[in-house]
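Architecture and fold: a report
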Amino acid sequence: MRTLALYNLKGGVGKTVSAVNLAALAARAGFKTLLWDLDPQGSAAWYLGLDREATGGMKRLARGRTPIGELIRHSPVPGLDVLAGGLSSLHLETAQAGQHALLTQLADPLAEDYHLLVYDCPAGLQAVNEAVLERADVVAVPMIPTSLSLNTYELLVHYLAKHKLTRVKLYPFLSQVDRRRGLHRTLCETLPSRMHTLLRARIPYASVVEQMGPKRLPLALFAPHSPAALAYAEMWAELSTRLKLEAPIAPPT
Ligand SMILES: Nc1ncnc2c1ncn2[C@@H]1O[C@H](COP(=O)(O)OP(=O)(O)O)[C@@H](O)[C@H]1O
Ligand SMILES: [Mg+2]
């Protein structure tokens, strides 16, 4: 099982919509996919038409009283399941080392049923995010093309270096790109030479992405030919290579 995390220190940058769209594309490409919504607000699950679950499930899971399968729900996308419930509410009762162990213990059995695990992370640097970042094969970081976003990205890189989290593989990408804005155009042109892991696909600022709210579906299911959906498809192609998921695969046993 490969692991993709959508992460940024900042909120409102497109982590959740990207996690939902990329997980849907993975499932439609034939990879059995689990989207783990780690944000206690449960927005990723909500975008897939699932109602917010009582938060007690995660606590029972962490204490070993509920098997993980009982909390997994099917989504409207064939091959895409969802696990809703943040672990961050547990950080008061679990020390950081415990978060790593807990995440490993919870995620390992999923490898029997899924090719890909996609984490939608909450913003910030709580212990659960550090654990996810270290575990993920690829960490995709949506960035709105502004100076502040770049500064936040650099803060993240420094933080990871300072805390010796050297295994984290960051792949930033531009999100909510508005070509009418001069700074957006400039950064689109100059960033690729400055950030060597920047993904080529850029997600445009588009009202169709906002429509995911009222529709409660990923773009692939209601606007597959829109520029934003095509940009996500291009991004999925890039990510699947980095995740080493490009080869035809056998179904999980
Ligand atoms: N490419 C986009 N075009 C237009 N609106 C977007 C785009 N990406 C995200 N949004 C909107 O921005 C808001 C924040 O997106 P979200 O994915 O929830 O961010 P995060 O998970 O990083 O907090 C949502 O209302 C969403 O509809
Ligand atoms: Mg979010």
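Rules behind the numbers
Residues numbered from 1 in each chain as written. Chains lettered and ligands numbered in written order. Predicted model: local features only at pLDDT ≥ 70, side-chain atom pairs only at ≥ 80, totals over all residues. Heavy atoms only, no water. Pairing = 2+ DSSP bridges. Helix = DSSP H or I, 4+ residues; strand = E, 2+ residues; numbered from the N terminus. Axes fitted to C-alpha atoms, helices over the stretch in contact; angles between N-to-C directions. Phe/Tyr/Trp six-rings, centres within 6.5 Å; stacked < 30°, edge-to-face > 60°. Buried < 20%, exposed > 50% of the residue type's maximum accessible area, 1.4 Å probe, protein only. Near = heavy atom within 4 Å. Polar contact = N/O pair within 3.5 Å; in protein donor to acceptor, adjacent residues only side chain to side chain. Areas by Shrake-Rupley, 256 points an atom, 1.4 Å probe, with all protein chains shown as cover. 1 Å grid on protein atoms, 1.4 Å probe; cavity = no way out; pocket = protein on both sides within 12 Å on 5 of 7 lines; lining within 4 Å. Points joined across faces, edges and corners; volume = space filled by probe spheres on them. Salt bridge = Lys/Arg side-chain N within 4 Å of Asp/Glu carboxyl O. Contact = heavy atoms within 4.5 Å.

Now for the sheet that holds strand β7 (residues 170-174). Taking strand neighbours across the sheet as the criterion, the 7 strands line up as β3-β4-β2-β5-β1-β6-β7 in an open arrangement whose pairing is mixed. Each edge of the sheet is formed by a strand with only one pairing partner; in this case those strands are β3 (72-74) and β7. With direction set aside, neighbouring strand axes in the sheet form an average angle of 25°. In terms of strand pairing, strand β1 (residues 2-6) meets strand β5 (residues 116-120) through 5 bridges, oriented parallel. Within β5, the residue paired with Ala-5 across the bridge is Tyr-119.

Across all of its chains, the model carries 3 aromatic pairs by this definition. Plain terms: the ring middles of Phe-31 and Trp-236 are 6.2 Å apart, the flat faces sit at 65° to each other, and that makes the pair edge-to-face. Residue Phe-31 is found in the loop between α1 (15-28) and β2 (33-37), and its partner Trp-236 is found in helix α11 (residues 227-242); the two are separated by 205 residues along the sequence. For Phe-31, a relative accessible area of 8% gives the class buried. With a centroid separation of 5.5 Å and 35° between ring planes, the pair formed by Trp-36 and Tyr-119 is classed as tilted. Placement of Trp-36 in strand β2 and of Tyr-119 in strand β5 is noted, with a sequence separation of 83 residues between them.

Contacts to ligand 1 come from 15 residues, most closely from Gly-12, Lys-15, Thr-16, Val-17 and Pro-204. Within the backbone of Gly-12, a nitrogen or oxygen atom sits 2.7 Å from an oxygen atom of ligand 1. Contact distances for ligand 1 include 2.9 Å between an oxygen atom and a backbone N or O atom of Val-17. The fraction of the free accessible surface of ligand 1 (560 Å²) that becomes covered by protein chains is 80%. Contributing elements (two or more residues each) for the shell around ligand 1: α1 and α8 (207-210).

Empty space among the atoms becomes visible once a probe the size of a water molecule is rolled across them. This structure, assessed with the given rule, holds 1 cavity of 30 Å³ or more. Here the largest cavity is characterised by a volume of approximately 40 Å³. Lining the largest cavity, in full, are Asn-21, Ala-24, Leu-25, Pro-218, Leu-219, Ala-220, Ala-229 and Tyr-232. Of all the elements in the fold, those that place two or more residues in the lining of the largest cavity are α1, α10 (219-222) and α11.

Now for the layout of surface pockets. By volume, the largest pocket amounts to about 410 Å³. Lining the largest pocket are 24 residues; nearest its centre among them are Gly-12, Gly-14, Val-17, Tyr-47 and Gln-176. Secondary structure elements with two or more residues in the lining of the largest pocket: α1, α2 (43-47) and α8. For the lining of the largest pocket, the element with the most residues is α1, which contributes 3 residues.

Moving on, we get to unusual backbone geometry. Positioned with a positive phi, Gln-176 is a non-glycine residue whose angle comes to about 55°. Residue placement: Gln-176 occurs in the loop between β7 and α7 (182-194). Even without a glycine there, the phi angle at Lys-244 is positive, about 60°. Within the secondary structure, Lys-244 sits in the segment after α11.

This part covers the pattern of salt bridges. Applying the stated criterion across every chain, the model contains 5 salt bridges. Between Arg-180 and Asp-178 there is a salt bridge, with the nearest N and O atoms lying 3.0 Å from each other. Exposure remark for Arg-180: the relative accessible area of 71% places this residue in the exposed category. Put simply, Arg-181 and Asp-178 hold a salt bridge, and the shortest N to O gap is 3.5 Å. Since its relative accessible area comes to 12%, Asp-178 is described here as buried. A cluster of three or more residues bridged by salt bridges with shared partners is formed by Asp-178, Arg-180 and Arg-181.

Attention shifts here to the side chain of Ser-18. With respect to the element layout, Ser-18 can be found in helix α1. With a relative accessible area of 0%, Ser-18 lands in the buried category. Other than its neighbours up to four places away in sequence, Ser-18 contacts Leu-6, Phe-173 and Tyr-232.

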